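Results of the structural survey
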Amino acid sequence: MYPRDRIANLGLILGAVAAWAAVAWLFTTRSPIGNSGVQLAGALLLGAALALTLCPIFWLIAFARRRRIAHRGDWLRAARRAVLCGLVVVLLLVLRAFDTLSLPIAAFVVAMAGLIELSLTLRR
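Summary of the structure given here. (Residues numbered from 1 in each chain as written. Predicted model: local features only at pLDDT ≥ 70, side-chain atom pairs only at ≥ 80, totals over all residues. Heavy atoms only, no water.)

Description of the packing of helix α2 (residues 36–65) against helix α3 (residues 74–97)
How we decide: Helix axes are fitted to C-alpha atoms over the stretch in contact, other axes to C-alpha atoms as well, and angles between N-to-C directions run from 0 to 180 degrees. Secondary structure elements are defined from DSSP: runs of H or I of at least 4 residues count as helices, runs of E of at least 2 residues count as strands, and each element is numbered from the N terminus. Put simply, angles under 35 degrees are roughly parallel, angles over 145 are roughly antiparallel, angles from 65 to 115 are roughly perpendicular, and the rest are oblique. Crossing chirality is assigned from the near helix's rotation relative to the far helix, an anticlockwise turn below a right angle marking it left-handed and a clockwise turn marking it right-handed. Amino acids outside the nonpolar list (Ala, Val, Leu, Ile, Met, Phe, Trp, Tyr, Cys, Pro) and the charged list (Asp, Glu, Lys, Arg) are all regarded as polar, and Gly is one of them.
Contact pair α2 / α3: the axes reach a minimum separation of 7 Å and the direction vectors enclose 155°. Taken together, the axes of α2 and α3 lie roughly antiparallel to each other. Both α2 and α3 take part in a crossing whose hand is right-handed. Looking at side-chain class alone, the contact of α2 with α3 contains 21 nonpolar, three polar and two charged residues.

Observations regarding the environment of T28
Threshold: Polar contact is the term for a pair of N or O atoms within 3.5 Å; when the atoms are in protein, one must be able to donate a hydrogen and the other to accept it, and sequence-neighboring residues count only if both atoms are side-chain atoms.
In this fold, T28 is placed in helix α1 (residues 3–29). Here W25 takes part through its backbone oxygen, which lies 3.2 Å from a polar atom of the side chain of T28.

Digging into a nonpolar patch on the surface
Formally: Residues enter patches when their relative accessible area tops 30% and they take part in no salt bridge; the joining distance is 9 Å for like charges and 5 Å for the nonpolar side chains Val, Leu, Ile, Met, Phe, Trp and Tyr. Methods summary: accessible areas were calculated by the Shrake-Rupley approach with a probe of 1.4 Å, and residue burial reflects only the protein chains presented. For this analysis, a salt bridge means a side-chain nitrogen from Lys or Arg found within 4 Å of a carboxyl oxygen belonging to Asp or Glu.
On the surface, F108, M112, L115, L118 and L122 cluster together to form a nonpolar patch covering roughly 520 Å² of accessible area. If you trace the backbone, L122 turns up in the segment after α4 (103–121).

Some thoughts on the packing of aromatic side chains
The following threshold applies: Two aromatic rings from Phe, Tyr or Trp, using only the six-membered ring of Trp, form a pair when their centres are within 6.5 Å; if the ring planes differ by under 30 degrees the pair is stacked, by over 60 it is edge-to-face, and anything between is tilted. Note on classification: 1.4 Å probe, protein chains only; a residue is buried when its accessible area is under 20% of the maximum for its type, exposed when over 50%, partly exposed between these limits.
What the rule picks out here adds up to two aromatic pairs. For the pair W59 and F63, a centre-to-centre distance of 4.9 Å together with 15° between the ring planes defines the contact as stacked. Of this pair, W59 and F63 both sit in helix α2, four residues apart, which is roughly one turn of that helix. Exposure class is identical for W59 and F63. Each is buried. Seen in terms of ring centroids, W59 and W75 are 4.8 Å apart; in terms of plane orientation they differ by 5°. Their pairing is stacked. Here W75 lies in helix α3 and W59 lies in helix α2, a separation of 16 residues in the sequence. Taken together, the aromatic side chains of W59, F63 and W75 make up a single cluster linked through ring pairs.

Notes on unusual backbone geometry
In this structure, D99 is a non-glycine residue whose phi angle is positive, near 60°. Tracing the backbone shows D99 in the loop between α3 and α4. By relative accessible area, which is 63% here, D99 ends up exposed.

Below, the structure written as structure tokens:
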């Protein structure tokens, strides 16, 4: 692992801590009941916090799977997967805020995210 990888991991983890602190501040100071702006801000903050948390985790999993060898494109792939997970969370929370979330819609969103990742992974 190069120093740039360590710095990137540390930076993303610090960003995730800051994002989770922002989520905690929003949830403890604002009420989302009847306020769509707070609901949207909460959904976006939760998605960003989750994406920032998952990006170094996805990279470290790939790094460990390949016996501590970092390949070109691993950071991009980890970031893509983390952003996709964050977008799924944001979409599900926005659907929940508008009271349109149901099990078939949630399953469709998760399945589409899985198919997007599968098609981008197998594109080589």
